[in-house]
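Here is how the chains run, residue by residue.
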Amino acid sequence: MQSESAAAPYTTPIAKGAISVRLEPVATGMAAPDYAISPPHDAARLFVVEQSGLLRIIQNGALLPGAALDIRSRVSPPFNAGNANDERGLLGLAFHPGFNDSASAGYRTLYTYASEPILAGTAPTFIAPNNATQAYKNVVNEWKVSAADPNVIDPASRREVVSFGKNAGNHNGGTLAFGPDGYMYIGLGDGGNANDTGASHIEPGGNSQNLSTPLGKMLRIDPVSPALTATSGDAVSGNGQYRLPTTNPFQGANQLREIYAYGFRNPYRFAFDAANGELILADVGQNSIEEINRITLGGNYGWAVKEGTFLFNRSNGAIGAPPGNNSPGSPAGMIDPIQGTLGTLQYDHGDGISITGGFVYRGSDIPALFGKYVFGDLALRGTPIRADGRLFYADLSTGVINEFRIPQFANDQLPNGLTVHGFGQDGEGELYALVTNTPASGAGGIVYKFAAVPEPTALLMGCLAGLAITLARWHRQQPE
């Protein structure tokens, strides 16, 4: 997730919008919740990822005791107890589209994305570039739900699908999601450090622009064991554990066939719009710009040539003094953040330091929010500790970002220095903000559900109606 702070402004400050919400706490005392999703066609359960290595369940609005899965012993680091923003741990979860279909190869199947130690005598599927020292690996694991209990994941069912060696502790991506095409999408950061440079970064140009490494990419695979998909026309991967879509765009020499799109710094959170299948991704910036992208097959999203619409200098990590080297549409062939009729979906570090992507709202509880992209930023303050996360919504048509009004909190601001680590979406399309103010090994995590705030006029009319009923009852009780 990590970004750095820098001078501003490069972009117009984000204003408070017209949409007010109430944040209803549905789970507290959690260990840095960072993602939440429901199984297909399941309106009762929301599975919540805790960064420390627990997978918890909120069922019918209540957090169940215990855990569906406990992989704390697998998750690497151990965490730094003094760092509330460690970027390693259990970060992602996805249910196979055929999760509820007994005829599907993905029946009762789900996948996690987490950092793990590299055991002696083993190697990741993809080693860190340049044979750099590997401190750990990021792993996609497959699991099966217990046949005896749908709220328990069988720990003995684990199958490693693919893994990626890492030298630096940051820029791990973290989201797994199945697209409308039935394939799994995996977002990977550029390898870590800054400027897409360092021991595990390919030169010239860095990892994100190099198609021989999975780092800095959006990958697309069929993660089901090839033994269960013998009739598929997709090729089997080099490690024999997944398949490669024939329609993936890069099939040339020294090009990884797993790559769907490229040019990312840290695509920590992304999601498919349930209404139209569009893939919306928030790419974490470095010193200056945070951005929101619409991802398309074969697209190049600019890093580390650009940060947002601005030209980026890899030698010093700068985009120039404000207003910077703004270069929308250029160089040719690079895709800028989403541009609407009134603006571009990017913002500078006057409004945050590290974008946390969310979901396009397709629920029914908050009609004014329908079709808007809901997301946040980790923190407004970067030093001495990161604090004061923010919650935003973006109009994908106009390109305008606004901050939510949250009238239950002073200045519409999350209390107690809470930072925004992720979002969740349940089976009915309702959304959740996942926040914390303690490290991954702590207990300061909260899952908030977005809820509507009654309109003032409706609230006033309701109060007046209630008062009229009370007066009428009082009048009837009075003696003649």
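Preceding this paragraph is the structure being described.
Given the structure is predicted, the values throughout are model-derived calculations rather than measurements. (Residues numbered from 1 in each chain as written. Predicted model: local features only at pLDDT ≥ 70, side-chain atom pairs only at ≥ 80, totals over all residues. Heavy atoms only, no water.)

## Looking at the overall build of the chain
Stage number 1. Within the chain, the regular secondary structure consists of 1 helix and 29 strands.
Stage number 2. Here the C-alpha atoms of the chain give a radius of gyration of 23 Å, agreeing with the 23 Å that 2.2 N^0.38 yields for 480 residues.
Stage number 3. Dimensions of the chain along its principal axes, counting C-alpha atoms only, are 95 × 60 × 40 Å.
Stage number 4. Within the chain, counting contacts between residues at least 6 apart in sequence, those at least 24 apart form 61% of the total.
Stage number 5. By element, 53% of the accessible surface of the chain is carried by carbon and sulfur atoms, the whole surface being about 18500 Å².
Stage number 6. In the chain, which carries 31 positive and 41 negative side-chain charges, the distance between the mean positions of the two groups comes to 3 Å. (Helix = DSSP H or I, 4+ residues; strand = E, 2+ residues; numbered from the N terminus. Rg over C-alpha atoms; globule rule 2.2 N^0.38 Å. Contact = heavy atoms within 4.5 Å. Areas by Shrake-Rupley, 256 points an atom, 1.4 Å probe, with all protein chains shown as cover. Lys, Arg positive; Asp, Glu negative; His and termini not counted. Charge placed at Lys NZ, Arg CZ, Asp CG, Glu CD.)

## Details of the sheet that holds strand β18 (residues 279-283)
Stage number 1. Overall, antiparallel pairing links the 4 strands, which are arranged β17-β18-β19-β22 in an open sheet. Both edges of this open sheet fall to β17 (269-272) and β22 (346-348), since each of them pairs with a single strand only. Sheet twist, expressed as the mean angle between neighbouring strand axes with direction ignored, is 15°.
Stage number 2. Relative to β22, strand β19 (residues 289-295) runs antiparallel, the two sharing 3 bridges. When the bridges of β22 are listed, E290 appears paired with Y347. (Pairing = 2+ DSSP bridges. Axes fitted to C-alpha atoms, helices over the stretch in contact; angles between N-to-C directions.)

## Structural notes on the sheet that holds strand β16 (residues 259-262)
Stage number 1. Strand order in the open sheet made by the 4 strands is β11-β12-β13-β16, with antiparallel pairing throughout. Strand pairing shows two members of the sheet lacking a second neighbour, β11 (176-178) and β16, which therefore form its edges. Taken over all neighbouring pairs, the strand axes of this sheet differ in orientation by 20° on average, direction set aside.
Stage number 2. As paired elements, strand β13 (residues 217-221) and β16 share 3 bridges and run antiparallel to each other. When the bridges of β16 are listed, L219 appears paired with I259.

## Description of the layout of surface pockets
Stage number 1. Taken as a whole, the largest pocket spans an internal volume of roughly 730 Å³.
Stage number 2. Together, 28 residues line the largest pocket, and I37, S38, F178, A274 and Q425 are the ones closest to its centre.
Stage number 3. Mapped by element, the contributors of at least two residues to the lining of the largest pocket are β2 (33-37), β7 (90-95), β11 and β17.
Stage number 4. Taken together, the residues of the lining of the largest pocket sort by class into 16 nonpolar, 7 polar and 5 charged.
Stage number 5. Lining the second largest pocket are 20 residues, and of these T12, G343, T344, Q346 and G399 sit closest to its centre.
Stage number 6. Secondary-structure elements contributing two or more residues to the lining of the second largest pocket are β22 and β26 (400-405).
Stage number 7. Ranked by residue count, the leading element in the lining of the second largest pocket is β26, at 3 residues. (1 Å grid on protein atoms, 1.4 Å probe; cavity = no way out; pocket = protein on both sides within 12 Å on 5 of 7 lines; lining within 4 Å. Points joined across faces, edges and corners; volume = space filled by probe spheres on them. Nonpolar A, V, L, I, M, F, W, Y, C, P; charged D, E, K, R; others polar.)

## Side note on the pairing of β2
Stage number 1. Counting buried positions over the 5 residues of β2 gives 5, a clear majority of the element.
Stage number 2. Relative to strand β3 (residues 45-50), β2 runs antiparallel, the two being bridged by 4 bridges. Bridging from a neighbouring strand, I37 pairs with F47 of β3.
Stage number 3. Taken together, the 2 bridges between β2 and strand β27 (residues 419-425) define a ladder with parallel strand orientation. Following the sheet pairing, I37 is matched in β27 by Q425. (Buried < 20%, exposed > 50% of the residue type's maximum accessible area, 1.4 Å probe, protein only.)

Everything listed here is a matter of geometry and, on its own, says nothing about what the molecule does.
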